[in-house]
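Here is what each chain is made of, one letter per residue.
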Amino acid sequence: FCVLIVFWGSPSFGEGDWKKNSFITKDILQCVNIAYKKIDKKLNEQYSAMVAEPKFLHRNLLLDGERAWIRYRDVHCENIYDAILPGEEAGIERIACLASLTSSRLVELLYLDTGISGDGFYSSLSIMSRVSSMTREEIFSHIENLEKTLEETDYYKKNCELTDAIHAEDEKTCRIRMKFQAMKV
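Along each chain, the written sequence defines residue order, and numbers are assigned to residues from 1. Predicted model: local features are reported for residues with pLDDT of at least 70 only, side-chain atom pairs are reported and counted for 80 or more only, and whole-chain, interface and lining totals are derived from all residues. Excluding hydrogens and water, the side-chain values take into account all heavy atoms of the structure.

K.L.:
Residue-level account of helix α7 (residues 150–167), with values.
P.N.:
The first and last C-alpha atoms of α7 sit 25 Å apart over 18 residues, in line with the 26 Å expected at 1.5 Å per residue. Classification of residues uses two cut-offs on accessible area relative to the type maximum, computed with a 1.4 Å probe and protein chains only: under 20% is buried, over 50% is exposed, and between them is partly exposed. Per the convention used, a helix needs a DSSP run of H or I reaching at least four residues, while a strand needs a run of E reaching at least two, with both numbered from the N terminus. Among the residues of α7, Glu152, Tyr155, Tyr156, Asn159, Cys160, Leu162 and Thr163 are the ones counted as buried. End-on, the buried residues of α7 take up no more than an arc of 160°, which puts them together on one face. Positive backbone phi, approximately 55°, marks Ala168, located one or two places after α7. Expected helix span is given by 1.5 Å per residue-to-residue step, counting one fewer step than there are residues. Comment: arc refers to directions from the helix axis out to C-beta atoms.

K.L.:
Describe the pattern of salt bridges, naming the residues involved and giving the relevant values.
P.N.:
Take a side-chain nitrogen of Lys or Arg and a carboxyl oxygen of Asp or Glu: if they are within 4 Å of each other, that pair is a salt bridge. Per the stated rule, a full pass over the model turns up 15 salt bridges. For the salt bridge of Glu152 with Lys179, the shortest nitrogen-to-oxygen distance reads 2.9 Å. With Glu152 in helix α7 and Lys179 in helix α8 (residues 171–182), the pair connects residues that are 27 residues apart, well separated along the chain. The burial state of Glu152 is the same as that of Lys179; both residues are buried. Among the salt bridges present, the one from Glu171 reaches Arg175, with a minimum N-O distance of 3.4 Å. Here Glu171 and its partner Arg175 are both found in helix α8, 4 residues apart, which amounts to about one turn of the helix. With relative accessibility at 24%, the residue Arg175 sits in the partly exposed group. A single salt-bridge network, built from bridges that share partners, covers Arg71, Asp154 and Lys158.

K.L.:
Requested: an account of the environment of Leu106, with residues and values cited.
P.N.:
Within the secondary structure layout, Leu106 lies in helix α4 (residues 90–114). For Leu106, a relative accessible area of 13% translates into the label buried. Sequence separation between Leu106 and Ile39 is 67 residues; the distance between their C-alpha atoms is 8.1 Å. Should any heavy atoms of two residues lie within 4.5 Å, those residues are counted as being in contact. Residue contacts for Leu106: discarding those within four places in its chain leaves Ile39, Lys42, Leu43 and Gln46.

K.L.:
Describe the state of the cysteines, with residues and values.
P.N.:
The disulfide criterion is simple: two cysteine sulfur atoms within 2.5 Å. If you walk through the whole model with that rule in mind, you get 2 disulfides. The side chain of Cys77 participates in a disulfide bridge whose partner is Cys97; the two sulfur atoms lie 2.1 Å from each other. Sign of the S-S torsion, about -80° for the bond between Cys77 and Cys97, identifies this disulfide as left-handed. Taken together, the residues Cys77 in helix α3 (residues 59–84) and Cys97 in helix α4 connect sequence positions 20 residues apart. An identical accessibility class is assigned to Cys77 and Cys97; each is buried. For Cys160, the disulfide goes to Cys174, at an S-S distance of 2.1 Å. Taking the torsion about the S-S bond as the criterion, the Cys160 to Cys174 disulfide, at about -90°, is left-handed. One end of the pair, Cys160, is in helix α7; the other, Cys174, is in helix α8, with 14 residues separating them in the sequence.

K.L.:
Tell me about the confidence of the model for the chain, residues and numbers included.
P.N.:
Per-residue confidence from the predictor is reported as pLDDT, a score between 0 and 100. The pLDDT averaged across the chain works out to 86; a share of 87% of its residues lies at or above 70. Overall, residues 3–15 carries pLDDT values under 50, and its contacts beyond four positions in sequence, including any with other chains, amount to 33 contacts.

Spelled out as structure tokens, the structure:
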């Protein structure tokens, strides 16, 4: 069950001496923590590979975006923790938040590196346009007007500078795409 909390749905994602079908908080926390460590390792590998690439010309923008993402991640997940505290689930939700945002950041780094967006944004946008009476611009406006923190805004700004430099993605579309990624958290 804990893997479902993290969002992968594959019991092979966690490993070690944990009880995957347990409803005990410490067991769930251990499982979520294992999954978080795995995705964080993948993120660090991707980031290191990009920085080590001699042809990568935008190291400073990447570093600025990474610092802004870390501030955003920490503040956002701490806010989730504080909102649930003193509930037993607070620690689980904080680690699940870290795992989810780390996964989103990994998808973003892969997009920056390859130009392929794996977040489902464009497919979801097409579906939303077909099944609702909203136009693309109305959907953009709705997503863009969702509440955001200073840290989130700063992260989007810095990362969108990088996506503009690498892929010529306009800032508005970038911000909305990134907000879409964060909507699952």
